[in-house]
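# Reading the structure
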Amino acid sequence: MQITSFKQYEEDYKKSVENPEQFWGEVAQNFQWRKPWFKVLSWNFNEPNIKWFEGAKLNITENCLDRHLATNGDKPAIIWEPNNPEEESVTYTYKMLHERVCRFANVLKRNGAKKGDRICIYMPMVPELAIAVLACARIGAVHSVIFGGFSAKSIADRINDSQCKVVITADGSYRGNKQIPLKDVIDDALIGCPTVEKCIVLTHIRTPVSMLKGRDVWWEDEVKHVNDICEAEEMDAEDMLFILYTSGSTGKPKGVVHTCGGYMVYAGYTFSNVFNYQPGEVYFCTADIGWITGHSYIVYGPLSQGATSVLFEGIPTYPTPSRFWDIVEKHKVNTLYTAPTAIRSLMSYGDEPLNGKDLSTIRVLGSVGEPINEEAWHWFDEKIGHGKAPIVDTWWQTETGGIMISPIATVTPTKPSFATLPLPGIQPILVDENGNEIEGNGVMGNLCIKFPWPGMLRTTYGDHERCKQTYFSTYENLYFTGDGCLRDEDGYYRITGRVDDVLNVSGHRIGTAEVENAINMHAGVVESAVVGYPHDVKGQGIYAFVIYPDMHGEAELSKKDILQTVTRVIGAIAKPDKILFVSGLPKTRSGKIMRRILRKIAEGDTSNLGDTSTLLDPGVVEEIIEAAKKL
Ligand code: ATP
Ligand code: MG
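Residues numbered from 1 in each chain as written. Chains lettered and ligands numbered in written order. Predicted model: local features only at pLDDT ≥ 70, side-chain atom pairs only at ≥ 80, totals over all residues. Heavy atoms only, no water.

In the nomenclature of an unreviewed UniProt entry, the protein chain corresponds to Acetate--CoA ligase from the organism Pedobacter miscanthi. Under the heading Sequence similarities (unreviewed entry), UniProt records this for the protein chain: "Belongs to the ATP-dependent AMP-binding enzyme family." (UniProt positions renumbered as here; feature names shortened; annotations may be inferred.)

Shown next, in the form of structure tokens:
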């Protein structure tokens with residue numbers, strides 16, 4: 001099922017559009033099913049009601065673990081790299097991982113969990129997190145992983161939204177030189193969570209915690225009471241596999257639901273193709289398992305393909321901004337998949353952290369989460385890939401389950417800041433405000449998908465109407481992504497930012513990503529975020545928040561330079577009306593800029609900033625509000 005030439009991509013794409021059921025039926029043959037499907041696809045975008053591989057039975061962990069045992073049991077499945085580089089890294093072979101997952105699955109059963117129950121996982125990036133996820137899937141329980149940086153209130157909201165019965169956590173976690181007392185946070189959260197009966201606690205940082213009798217048990221004790229034999233639960237292809245709350249860049253997080261069969265096929269197929277994964281290679285995705293990228297491309301995608309996946313506990317700048325490069329060298333990483341926010345941050349340290357690092361094993365690079373600006377793209381290409389490693393700029397969403405628009409490594413010719421072409425099976429369409437298709441090339445519009453794909457969301461947990469309203473009601477018979485998009489003369493796609501963030505300046509539609517891309521080309525700029533605000537003459541004016549650390553009292557001069565850069569790159573029409581230098585930007589815990597907050601600040605309306613529970617550092621917001629008053 002691996003695409004090896006552009007010609008084959010074109011053929012597969014054509015087939016996937018002309019005969020989707022046959023196409024996906026064939027792809028699905030590469031996985032292990034207990035019972036085959038009687039219908040590949042039935043669908044209706046109005047309700048919405050989408051079913052893939054109807055009637056089929058499987059367990060995703062048999063595909064991620066059991067089926068590799070006979071031939072690849074001793075191959076590394078997970079290489080764990082701890083926060084502290086002085087500590088030993090740990091390798092789990094497929095055999096070891098299988099054993100741990102089965103054992104912990106029995107612990108879950110012992111604590112009353114069964115098929116269909118929701119289980120909340122709030123853990124550091126340790127192998128036990130992947131083990132917990134897979135153990136839930138093994139017994140057919142639905143996991144809801146919550147990123148280990150969320151507050152008690154955010155956790156309680158999510159636990160209650162899906163009525164979790166069990167919580168799996170740890171005493172605490174390390175992030176750089178910080179320690180986060182996870183169990184304390186969980187204790188606060190659980191005060192308001194009546195559905196939780198059991199809390200399983202892993203010892204990790206060895207900080208004292210309080211254990212509530214009858215509710216809280218230790219991971220280490222529990223595993224002693226069970227054996228490591230656990231037959232996988234037989235699941236229907238359309239049974240729920242997990243719930244994952246979106247990162248909340250645009251509003252209140254939604255509990256996106258993915259199901260067993262379609263998700264497995266899509267995560268596995270896209271992993272194998274987009275990264276052109278070759279047996280024996282070491283693959284390193286720097287995301288956290290608390291986000292969809294970690295679900296699909298640290299755990300399920302790679303393991304379903306028998307790959308070796310690096311799981312990194314720490315952060316890119318600890319103990320030094322060389323950390324990623326040290327990991328690449330140490331584990332001989334072949335594929336590095338990371339986010340523009342990390343790339344931009346590492347770029348700002350200059351070349352020094354790269355000195356003497358052996359990055360020669362790198363064959364493929366990937367980016368996800370936000371549009372990658374050209375400057376960051378080129379830096380990644382030249383400094384990390386040495387001009388030899390294709391960059392896959394992968395556009396997708398929590399809701400899509402897997403990568404949708406992206407180059408296929410070694411196959412698709414890339415272009416900086418373009419996600420390039422849809423993967424086989426994906427039928428993007430650009431529409432105007434009224435939902436009319438915008439045909440041809442060299443056009444911009446709202447990005448929708450007009451045909452189902454196996455990895456798509458089926459509902460939002462407990463609120464199907466919300467799913468319908470959010471994704472399927474804006475335009476009839478289309479899945480609406482919420483993103484704006486350009487299709488250039490070559491038919492290549494470039495995400496221009498959220499539709500809400502597309503600016504309308506004197507009647508010209510300009511994507512926030514385009515303007516930011518131009519601003520970031522100015523040598524002194526680390527990062528920027530652009531929003532629109534009401535403007536008497538232009539309709540919308542452009543307000544730019546710019547991280548520019550090296551001012552030397554020459555701020556006004558630098559502003560002029562930035563304006564010139566934007567004029568040169570896009571045109572005078574895109575020149576920001578206001579530029580505010582800031583030391584940081586409001587970001588979600590997944591590292592994305594929260595433009596809706598900046599929009600409020602730009603509009604001068606800071607009384608109600610909306611849901612800020614997913615904000616990483618509220619202090620930054622206060623600082624920007626103060627600075628904006630003085631502009
Ligand atoms: P919420 O839906 O709660 O507002 P979110 O959209 O940030 O949060 P995710 O599902 O993590 O949650 O992110 C998906 C979004 O990230 C996409 O809709 C798109 O805006 C952006 N994105 C992801 N990858 C890329 C990419 N390669 N290029 C451009 N944008 C991207
Ligand atoms: Mg979204």
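On we go.
### Things to note about the site of ligand 1
What surrounds ligand 1 is a group of 20 residues, the closest being Ser249, Thr250, Thr398, Arg498 and Lys592. Contacts to ligand 1 include Thr394, whose backbone N or O atom sits 2.8 Å from a nitrogen atom. Protein coverage of the free-state accessible area of ligand 1, which is 640 Å², stands at 94%. Those elements that provide at least two residues to the shell around ligand 1 are β20 (391-394) and β25 (493-498). Classifying every residue of the shell around ligand 1 gives 4 nonpolar, 9 polar and 7 charged. (Near = heavy atom within 4 Å. Polar contact = N/O pair within 3.5 Å; in protein donor to acceptor, adjacent residues only side chain to side chain. Areas by Shrake-Rupley, 256 points an atom, 1.4 Å probe, with all protein chains shown as cover. Helix = DSSP H or I, 4+ residues; strand = E, 2+ residues; numbered from the N terminus. Nonpolar A, V, L, I, M, F, W, Y, C, P; charged D, E, K, R; others polar.)

### A look at helix α4 (residues 94-110)
For α4, with 17 residues, the first-to-last C-alpha span of 24 Å sits near the 24 Å given by 1.5 Å per residue. Within α4 the residues assigned to the buried category are Tyr94, Leu97, His98, Val101, Cys102, Phe104, Ala105, Asn106, Val107 and Leu108. At the C-terminal side of α4, Gly112 shows a positive phi close to 90°. (Expected span 1.5 Å × (residues − 1). Buried < 20%, exposed > 50% of the residue type's maximum accessible area, 1.4 Å probe, protein only.)

### Remarks on the pattern of salt bridges
Counted under the stated rule, the structure contains 36 salt bridges. The salt bridge partner of Lys39 is Glu21, with a shortest N-O separation of 3.4 Å. Of this pair, Lys39 sits in strand β1 (residues 39-44) while Glu21 sits in helix α2 (residues 20-28), and the two are 18 residues apart along the sequence. Judged by relative accessible area, Glu21 falls into the partly exposed class, the value being 30%. With a closest N to O distance of 3.6 Å, Lys600 and Asp605 form a salt bridge. On the basis of relative accessible area, Asp605 is assigned to the partly exposed category, the value being 29%. Among the ionic contacts, a cluster of salt bridges with common partners joins Arg34, Glu62, Glu231 and Glu234. (Salt bridge = Lys/Arg side-chain N within 4 Å of Asp/Glu carboxyl O.)

### Structural notes on the pairing of strand β24 (residues 479-487)
Where burial is concerned, most of β24 is hidden: 8 out of the 9 residues are buried. The sheet contact formed by strand β22 (residues 443-449) and β24 spans 6 bridges and is antiparallel. Within the sheet, the bridge partner assigned to Asn446 lies in β24 and is Gly484. Relative to β25, β24 runs antiparallel, the two being bridged by 5 bridges. For Gly484, the partnering residue across the bridge sits in β25 and is Gly497. (Pairing = 2+ DSSP bridges.)

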